[in-house]
Amino acid sequence: VHDVPMQAGKSYLIDLSAEFNTFLRLEDSLKVMLLSNDDVCPPDNTNSRLVFTPSRNGTYRVIVTSVKPGATGGY
């Protein structure tokens, strides 16, 4: 989990690549899921990408995990 301060109206591109099949989530400070992605270009790509433009300033949670339970590795 990465806490990332973001500014309202500014667009953020979050790219995730890893040695495992990635799953990327974005939550607000109350842990409400806003976006998620498990493949940039399904079905062959195992990387993830989110584009987000917050409506208000705040700290958002970028959560890196895997599609397959227990899969780990560098990212």
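Up top you'll find the structure we're talking about.
Residues numbered from 1 in each chain as written. Predicted model: local features only at pLDDT ≥ 70, side-chain atom pairs only at ≥ 80, totals over all residues. Heavy atoms only, no water.

Caption draft 1: Layout of the overall build of the chain. Helix and strand content of the chain: 0 helices and 6 strands. In sequence order, the secondary structure elements of the chain are arranged as β-β-β-β-β-β. Rg of the C-alpha trace for the chain: 13 Å, near the compact-globule value of 11 Å for 75 residues, within the 12% margin. Evaluated residue by residue, the chain yields a buried proportion of 29% over its 75 residues. For the chain, the proportion of contacts with a sequence separation of at least 24, taken over those separated by at least 6, is 68%. For the chain, the exposed surface amounts to about 4800 Å²; the carbon and sulfur share of it is 50%. (Helix = DSSP H or I, 4+ residues; strand = E, 2+ residues; numbered from the N terminus. Rg over C-alpha atoms; globule rule 2.2 N^0.38 Å. Buried < 20%, exposed > 50% of the residue type's maximum accessible area, 1.4 Å probe, protein only. Contact = heavy atoms within 4.5 Å. Areas by Shrake-Rupley, 256 points an atom, 1.4 Å probe, with all protein chains shown as cover.)

Caption draft 2: Broad picture of the sheet that holds strand 6 (residues 58-66). Taking strand neighbours across the sheet as the criterion, the 4 strands line up as 1-6-3-4 in an open arrangement whose pairing is antiparallel. Both edges of this open sheet fall to strand 1 (2-6) and strand 4 (33-37), since each of them pairs with a single strand only. Across the sheet, the axes of successive neighbouring strands diverge by a mean angle of 25°, strand direction being ignored. Judged from the 4 bridges that link them, strand 3 (residues 22-27) and strand 4 form a sheet pairing that is antiparallel. Looking at the pairing, Arg-25 lines up with Ser-36 of strand 4. (Pairing = 2+ DSSP bridges. Axes fitted to C-alpha atoms, helices over the stretch in contact; angles between N-to-C directions.)

Caption draft 3: Layout of the pattern of salt bridges. All chains considered together, the criterion is met by 3 salt bridges. Among the salt bridges present, the one from Glu-27 reaches Arg-25, with a minimum N-O distance of 3.6 Å. Overall, Glu-27 belongs to the buried group, its relative accessible area being 8%. One connected set of salt bridges, linked through shared partners, spans Arg-25, Glu-27 and Arg-61. (Salt bridge = Lys/Arg side-chain N within 4 Å of Asp/Glu carboxyl O.)

Caption draft 4: Molecular detail of the nonpolar core. One finds Met-6, Tyr-12, Ile-14, Leu-16, Leu-24, Leu-26, Leu-50, Phe-52, Tyr-60, Val-62 and Val-64 forming the largest nonpolar core, which totals 11 residues. The set of elements that each furnish at least two residues to this core consists of strand 2 (12-16), strand 3, strand 5 (48-52) and strand 6. Discounting residues that sit within four places of it in the chain, Leu-50 has contacts with Tyr-12, Leu-13, Ile-14, Leu-24, Arg-25, Leu-26, Leu-35, Ser-36 and Asn-37. (Core = buried A, V, L, I, M, F, W, Y, C linked by side-chain atoms within 4.5 Å.)

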